[in-house]
Amino acid sequence: MGWSRQQFSLMPIKETLAGIAQNAPPFLAFMIMIITDPLRHHHRHCDDLFADAEAAANSNDWPCCAEAFGRFTTELESHFTAEEQILFPAFEDAMGMSGGPTQVMRMEHGQMRGLLEQMAEALQSRRSGQFCSAGETLLILMQQHNFKEENILYPMCDQRLAESDGLAERLREKITIA
Ligand SMILES: [Fe+2]
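Residues numbered from 1 in each chain as written. Predicted model: local features only at pLDDT ≥ 70, side-chain atom pairs only at ≥ 80, totals over all residues.

The name given to the protein chain in an unreviewed UniProt entry is Hemerythrin (Modular protein), with Denitratisoma oestradiolicum as the source organism.

> Account for helix α2 (residues 37-58), with residues named and values stated.
For α2, with 22 residues, the first-to-last C-alpha span of 32 Å sits near the 32 Å given by 1.5 Å per residue. Of the residues making up α2, those classed as buried are Pro38, Leu39, His42, Phe50, Ala53, Glu54, Ala56 and Ala57. End-on, the buried residues of α2 take up no more than an arc of 155°, which puts them together on one face. Exposed side of α2, more than 90 degrees from the buried face: His41, Arg44 and Asp48 are the residues found there. Looking at the buried positions of α2, the neighbouring elements they touch are α3 (62-95), α5 (128-160) and α6 (167-175). Looking one or two places after α2, you find Asn60, whose phi comes out positive at around 55°. (Helix = DSSP H or I, 4+ residues; strand = E, 2+ residues; numbered from the N terminus. Expected span 1.5 Å × (residues − 1). Buried ≥ 20, exposed ≤ 12 C-beta atoms within 10 Å, placed from the backbone. Arc of directions from axis to C-beta. Contact = placed C-beta atoms within 7 Å.)

> Outline the nonpolar core, listing residues and values.
With 15 residues, the main nonpolar core has Ala53, Cys65, Phe69 and Met119 as its most contacted residues. Put simply, the parts of the chain that give this core at least two residues each are α2, α3, α4 (101-124) and α5. The greatest single-element share of this core, amounting to five residues, is contributed by α3. Ignoring anything within four residues of it in the chain, the contact list for Ala53 reads Cys65, Ala68, Phe69 and Phe72. With 14 residues, the next largest nonpolar core counts Ala82, Met105, Tyr154 and Ala168 among its residues. (Core = buried A, V, L, I, M, F, W, Y, C linked by C-beta atoms within 7 Å.)

If you want it as structure tokens, here you go:
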């Protein structure tokens, strides 16, 4: 049995287009805004600030080290706060859980805060060996932490929170340099 002219009508095409349009909002939302982008960029910014502080400590330039370390701690703390107060709770709500990967990340933030305190004490007493030793441990921990976030947690957040309202903007506001 051959196809009638009516069966070749534009209806199937219209339905296909309607289907595409129906799927467009989440697709476009993903294309337009990747929620964790500001945090990824901010990781690189914190890395640069850390390198400045470390270089100054290695040269025993304590005024410069104090300034660079101050900038670094301010930025890193704002990064932790943005994750702990905005990103992690949104992810935990979406997943319906409070443990898991975000709990591990919170614990690692605590470990890094402890190392920042050790570095601040070393800076106060101008002990470059202690400063750089705690700094080395912090750098390793920070690199491992950022790797896990950028390759595991952030992609999960981007997938689960793609339609969340204004999340990227709130994160950006939190980590913007004052
Ligand atoms: Fe983090």
